[in-house]
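Descriptive structure summary
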Amino acid sequence: MTVIQWFPGHMAKAKREVQEKLKLIDVAFELLDARVPMSSRNPMIDEILGQKPRLILLNKADMADEAVTEQWIRYFHDQGRLALPIDAQSGTGVRQIAAAAKEMVKDKFEKMRAKGIKNPRPVRALIVGIPNVGKSTLINRLAGRHIAKTGDKPGVTKAQQWIKVGKEMELLDTPGILWPKFEDEDVGYKLAVTGAIKDEILNLQDVAVYALRFLSTHYPNRLAERYGLDDIPDDIVALFDAIGRRRGCLTSGGAVDYDKVADIVLYDIRTEKLGRLSFETPASRT
Ligand code: GDP
C-alpha cells in the first residue's frame, strides 16, 4: 500500500507535475473508486485538469453495488461527462477505454487531418487519481505487461515513457498522483473503510463504527445474514456485542473484544464477504 504524507508543498508539487504531463497528452483518465466516487476524487481536479478532455473511470466496479454504479454513471452523464465502470484487476471494461478516448478527441484529430496530416499519431493519455485507486493496476492491464512502479512518491521522477495500447493509443507510464479531500471526516472514514488509506491513520474501532452504522442503514439484510442476527440493534455497542458473540470475539474474561470485532467487520467488507457495497450515492453527496 502506498503511503504518502501530503503536506501543502507536496500538493503544490503534485499539481505542478500533473499539469506538466497534461501538456503531453490529449485526454486524461480520472480514476475513481466506484464504491466512493466523490470521496476518492481530488478536490481540485477541475482546476488541475482544466479544459483537457476527461474520461472518468469507475474502478473496482467489481466490488461496488451495481445499481449505485449505474446511478453514478447517470450522474456524471448529466454533468456532460462520460464515466465507464471498470475492473482493472480482471480487465473487465478495460477494452472500452481506448475507443472512448478516441471518440473524445475526434474533433481535435479531425482538425489535424484537415490540416493535411494524413496519419495522425495515436491518442495520448494519462491516468490521474489518488493513491490506491488502482492506477498501477490499470497501467499494467492496458500495457498487457508489468510496468515497474516507480512513481509512488510525488517528487520522485524518472524519464517518462509511452506505453503502446493497441495501435491507436499511447499511455504515459507514470500516473498523476493526487491527494484526496481528507479534511472532511466522512471522506476519511470512507477511504479507510474501502482500504484506500492505511488502518493506522484512523482509529480502527471508529472506522468499524462508521461502517456498521452505514451497513445497518443501507444493507441491513447483508449484516443479518453474514453474522446470523435476527434483527440489527439500533445501539452500536449492542451491535458490536451481537457480532462479537456470534463470532466468538471474547477476551479471556468473557467480554467482547471490540478491536477483534472491528477487524472482522473491516476484513469482511474489504474481501466482499458482505457482498458488493457502495458507500455513497449521488443523492448522498450532492
Ligand atoms: P495505485 O496506488 O493507484 O497505483 O493503486 P494500485 O494499482 O497499487 O492498486 C491498489 C490496490 O487495489 C491493489 O491491491 C490492487 O490489486 C487493487 N485493485 C486495483 N484495481 C482493482 C479493481 O478493479 N478491482 C479490485 N477488486 N481491486 C483492484
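Residues numbered from 1 in each chain as written. Predicted model: local features only at pLDDT ≥ 70, side-chain atom pairs only at ≥ 80, totals over all residues. Heavy atoms only, no water.

1. Observations concerning the packing of aromatic side chains
Throughout the structure, instances matching the rule amount to eight aromatic pairs. With centroids separated by 6.3 Å and ring planes inclined at 45°, the aromatic side chains of Phe214 and Tyr219 adopt a geometry described as tilted. For the residue pair Phe214 and Tyr219, the accessibility class agrees, reading buried in each case. Taken together through their ring pairs, the aromatic side chains of Trp72, Tyr75 and Phe76 make up a single cluster. Sitting above the plane of the Trp162 ring, Arg124 keeps its charged end 4.7 Å from the centroid. (Phe/Tyr/Trp six-rings, centres within 6.5 Å; stacked < 30°, edge-to-face > 60°. Buried < 20%, exposed > 50% of the residue type's maximum accessible area, 1.4 Å probe, protein only. Lys NZ or Arg CZ within 6 Å of the ring centre and 35° of its normal.)

2. Some remarks on the pattern of salt bridges
Considering all chains together, one arrives at 17 salt bridges under this definition. Between Asp33 and Arg35 there is a salt bridge, with the nearest N and O atoms lying 2.8 Å from each other. Per residue, the accessibility class of Asp33 equals that of Arg35, and both read buried. Note that Asp268 is salt-bridged to Arg226, the shortest N-O span being 3.2 Å. (Salt bridge = Lys/Arg side-chain N within 4 Å of Asp/Glu carboxyl O.)

3. Some words on the environment of Ile117
Secondary-structure assignment places Ile117 in the loop between helix H5 (106-114) and strand E4 (123-129). Of the residues examined, Ile117 reaches a relative accessible area of 39% and is grouped as partly exposed. As a C-alpha pair, Ile117 and Asp87 span 30 residues in sequence and 36 Å in three-dimensional space. (Helix = DSSP H or I, 4+ residues; strand = E, 2+ residues; numbered from the N terminus.)

4. With respect to the nonpolar core
Counting residues in each nonpolar core, the largest one holds 80 residues, and the members touching the most others are Phe29, Ile97, Leu138 and Ile269. Broken down by element, this core gets its largest block of residues, eight residues, from helix H8 (residues 204-218). In contact with Phe29, not counting residues within four places along its chain, are Leu55, Leu57, Ile97, Ala101, Ala125, Leu126, Ile127, Val128, Met169 and Leu171. Of all hydrophobic cores here, the second largest spans 15 residues; its members include Val18, Leu22, Ile25 and Leu49. (Core = buried A, V, L, I, M, F, W, Y, C linked by side-chain atoms within 4.5 Å. Contact = heavy atoms within 4.5 Å.)

5. What about helix H3 (residues 66-78)?
Helix length check: H3, at 13 residues, gives a terminal C-alpha distance of 19 Å against a target of 18 Å (1.5 Å per residue), a fit within 8%. Residues of H3 that are buried include every one of Val68, Thr69, Trp72, Ile73, Tyr75 and Phe76, and no others. Projected onto a plane normal to the axis of H3, the buried residues spread over an arc of 160° and lie on a single side. In H3, the exposed positions that point more than 90 degrees away from the buried face belong to Glu66, Ala67, Arg74, His77 and Asp78. Tucked into the core, H3 has its buried residues touching strand E1 (27-33), strand E2 (54-59), strand E3 (83-85) and helix H12 (282-285). Two or three places before Ala67, at the opening of H3, Asp65 has a side-chain oxygen 3.2 Å from that residue's backbone nitrogen. Just downstream of H3 lies Gly80, where phi reads positive at about 80°. (Expected span 1.5 Å × (residues − 1). Arc of directions from axis to C-beta. Polar contact = N/O pair within 3.5 Å; in protein donor to acceptor, adjacent residues only side chain to side chain.)

Worth remembering: the numbers are spatial, not functional.
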